[in-house]
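Report on the structure
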Amino acid sequence: MIERFHAAILALIFNFGLNLIGPIDGYRKGNGIPTLKAFLLHPIGKIMASTSVSSSSSSPVLAGKVAFVTGGSRGIGAAIVRRLARDGAAVAFTYVSAQAEADKLAGEIQAAGGRALAIRADAGDAAALTAAIAQGARAFERLDILVNNAGVYLGGELDTFSLEDFDRTIDVNVRATFVAVQAAARHMGDGTGRIVNIGSINAERVLDAGASVYAMSKAAIVGLTRGLARDLGARGITVNNVQPGPIDTAMNPATGPRAASMHDVMVLPRHGRAEEIAGMVAYLVGPDGGFVTGANLSVDGGYTV
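Residues numbered from 1 in each chain as written. Predicted model: local features only at pLDDT ≥ 70, side-chain atom pairs only at ≥ 80, totals over all residues. Heavy atoms only, no water.

Focus: the environment of Leu-117
The condition is simple: Put simply, DSSP marks the helices as runs of H or I at least four residues long and the strands as runs of E at least two long, and each gets a number from the N terminus on. For every residue, the accessible area (1.4 Å probe, protein chains only) is compared with the maximum for its type, and the residue is labelled buried under 20%, exposed over 50%, or partly exposed between those bounds. Should any heavy atoms of two residues lie within 4.5 Å, those residues are considered in contact.
Turning to its location among the elements, Leu-117 is positioned in strand S3 (residues 116-120). By relative accessible area, Leu-117 is classed as partly exposed at 23%. Sequence spacing of Leu-117 and Phe-93 is 24 residues, and the spatial spacing of their C-alpha atoms is 6.4 Å. Among all residues touching Leu-117, those that are not within four sequence positions of it are Val-91, Ala-92, Phe-93, Gln-135, Ala-139 and Phe-140.

Concerning a nonpolar patch on the surface
Formally: Only residues above 30% relative accessible area that lack a salt bridge enter a patch, with like-charged residues linked at up to 9 Å and the nonpolar side chains Val, Leu, Ile, Met, Phe, Trp and Tyr linked at up to 5 Å. All accessible-area figures derive from a Shrake-Rupley calculation using a 1.4 Å probe, and residue coverage is judged against the displayed protein chains alone. By convention in these notes, a salt bridge is any Lys or Arg side-chain nitrogen within 4 Å of a carboxyl oxygen on Asp or Glu.
Taken together, the side chains of Val-267, Leu-268 and Val-305 make up a nonpolar region of the molecular surface, amounting to roughly 320 Å² of accessible area. On the secondary structure map, Val-305 appears in the segment after strand S7 (296-299).

Considering the nonpolar core
Our working rule: Among buried residues, the Ala, Val, Leu, Ile, Met, Phe, Trp, Tyr and Cys ones that are joined through side-chain atoms within 4.5 Å form a nonpolar core.
Judged by nonpolar contacts, the single largest core of 34 residues is most densely connected at Val-69, Ile-80, Leu-84, Val-91, Val-147, Val-242 and Val-281. Looking at this core, the elements that each hand over two or more residues are strand S1 (66-70), helix H4 (75-86), strand S2 (90-95), helix H5 (99-111), strand S4 (145-148), strand S5 (194-198) and helix H10 (274-285). With seven residues, the single largest contributor to this core is H4. With sequence-adjacent residues up to four places away left out, Leu-84 is seen in contact with Leu-62, Ala-67, Val-69, Ala-89, Val-91, Ile-145, Val-147, Ala-282 and Val-285. The next biggest cluster of nonpolar side chains, apart from the first, holds 31 residues, and it includes Ala-121, Val-152, Val-172 and Ala-180.

Describing the pairing of strand S6 (residues 238-244)
Threshold: Here the rule is simple: two strands pair whenever DSSP picks up at least two bridges between them. The handedness rule is simple: strands pointing away from the viewer, and a clockwise path from the first strand over the helix to the second, make the crossover right-handed.
With seven of seven residues buried, S6 is to be regarded as a mostly interior element. Taking every second residue as pointing to the same face, both faces of S6 are buried, with Thr-238, Asn-240, Val-242 and Pro-244 on one and Val-239, Asn-241 and Gln-243 on the other. Sheet topology places S5 next to S6; five bridges connect them, and they run parallel. When the sheet's bridge partners are listed, Ile-195 is paired in S6 with Val-239. The handedness of the S5 to S6 crossover, carried by helix H8 (residues 212-233), is right-handed. Where S6 lies against S7, four bridges are found, and the strand directions are parallel.

So, unusual backbone geometry
Phi is positive for Glu-141, which is not a glycine, with a value near 70 degrees. You can see Glu-141 is positioned in the loop between helix H6 (126-140) and S4.

Things to note about the confidence of the model for the protein
As a reminder, the rule being used: A score from 0 to 100, pLDDT tells how confident the predictor is in each residue.
Taken as a whole, the protein shows an average pLDDT of 88; of its residues, 81% reach a score of 70 or greater. Overall, residues 1-14 carries pLDDT values under 50, and its contacts beyond four positions in sequence, including any with other chains, amount to 18 contacts. Counting contacts from residues 26-31, a segment whose pLDDT is below 50, to residues more than four positions away or on other chains yields 10 contacts.

Notes on the packing of H4 against H5
Test applied: Only the stretch in contact is used when fitting a helix axis, every axis being a line fitted to C-alpha atoms; angles between N-to-C directions are given from 0 to 180 degrees. Angles below 35 degrees are treated as roughly parallel, those above 145 as roughly antiparallel, those between 65 and 115 as roughly perpendicular, and all remaining angles as oblique. A clockwise turn of the near helix away from the far one marks a right-handed crossing, whereas an anticlockwise turn of less than a right angle marks a left-handed crossing. Each residue gets one label: Ala, Val, Leu, Ile, Met, Phe, Trp, Tyr, Cys and Pro are nonpolar, Asp, Glu, Lys and Arg are charged, and the others, such as Gly, are polar.
For the pair H4 and H5, the least separation of the axes is 11 Å and the interaxial angle reads 15 degrees. Between H4 and H5, the angle falls in the class roughly parallel. The interaxial crossing formed by H4 with H5 has right-handed handedness. Every residue of H5 that contacts H4 at Ala-78, Val-81, Arg-82 and Ala-85 is listed here: Leu-105, Glu-108 and Ile-109. Classifying every residue of the contact of H4 with H5 gives five nonpolar, no polar and two charged.

Focus: the pattern of salt bridges
Side-chain pairs of opposite charge can arise whenever the charged atoms involved come near each other. This model, assessed by the stated rule, comprises 11 salt bridges. A salt bridge links Arg-142 to Asp-144; the nearest nitrogen and oxygen atoms lie 2.6 Å apart. A residue is classified by how much of its surface remains accessible, and Asp-144, at 1% relative accessible area, is buried. A salt bridge links Glu-276 to Arg-270, with the nearest nitrogen and oxygen atoms 2.9 Å apart. By relative accessible area, which is 26% here, Glu-276 ends up partly exposed. Here the salt bridges share partners, and the residues they tie into one network are Arg-270, Arg-273, Glu-275 and Glu-276.

Digging into the packing of helix H7 (residues 163-185) against H8
Between H7 and H8, whose axes approach to 9 Å, the crossing angle comes to 15 degrees. Here H7 is positioned roughly parallel relative to H8, judged by the angle of their axes. Crossing hand, H7 versus H8: right-handed. Across the interface between the two elements, Phe-166, Thr-169, Ile-170, Asn-173, Val-174, Thr-177, Phe-178, Val-181 and Ala-185 from H7 touch Val-213, Tyr-214, Met-216, Ser-217, Lys-218, Ala-220, Ile-221, Leu-224, Leu-228 and Leu-232 from H8. Across the contact of H7 with H8, the residue classes tally to 14 nonpolar, four polar and one charged.

In structure tokens, the structure reads:
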């Protein structure tokens, strides 16, 4: 199939190439039009054929890679799953309750010729999360990329905020990140692993009362990311933190009651798109992001400027 495709491309450039070769070597004089074989033996033909075949056979940037995304069935997580799959990676991802969305997303990727696996696992359950990562690595026979996207927002007034909600916030937003990195690193090869944590701009700026525990959990990811980058640097595994600002999702819609107050403090007064966060993740796990580690990167429309 590939050979026939390349042959078709060469045939298309054949006549165009003759227009370049003819005036130089007099191909159209005396002996008539040369064969395709003769064209390919000519220096100009070799260059054109090599360039065209190389371009046509280029693979997606993440071809052969395997990614694992926590909380990947909806919102930012789903956008990341789609982007990594589009870039050629096989993607396993977790969900907790949104099975219909998870199955639909996996089916969408598979229908487009990609590989995807939806796994039910609560990030707050360390054993379930570790098992899910092992399942994903086993299903796709390797693991190169981890994206810690799962998170919860439990807000409330200081005097009524429960310790149960405090512990749940820490379990999902902080402990799960550590557990996932610890589990994924065991499956990653030296020099190939990429880890991206999804934090929040609330680690740096909090506009509203009631978000103190959430902000604290995301600030913890800043320090954890830097420490993990040191821990895994000797193995050539990078660890970075992406901090989204206001992103248009079901949890924080661009038309919601708080949107205007957020836009008022931003340089770019709009909600971002989940695909814009996915684009930053794709850069960090792709071939151009290999020299970035320990970084906390805000994608926030100037929310903190």
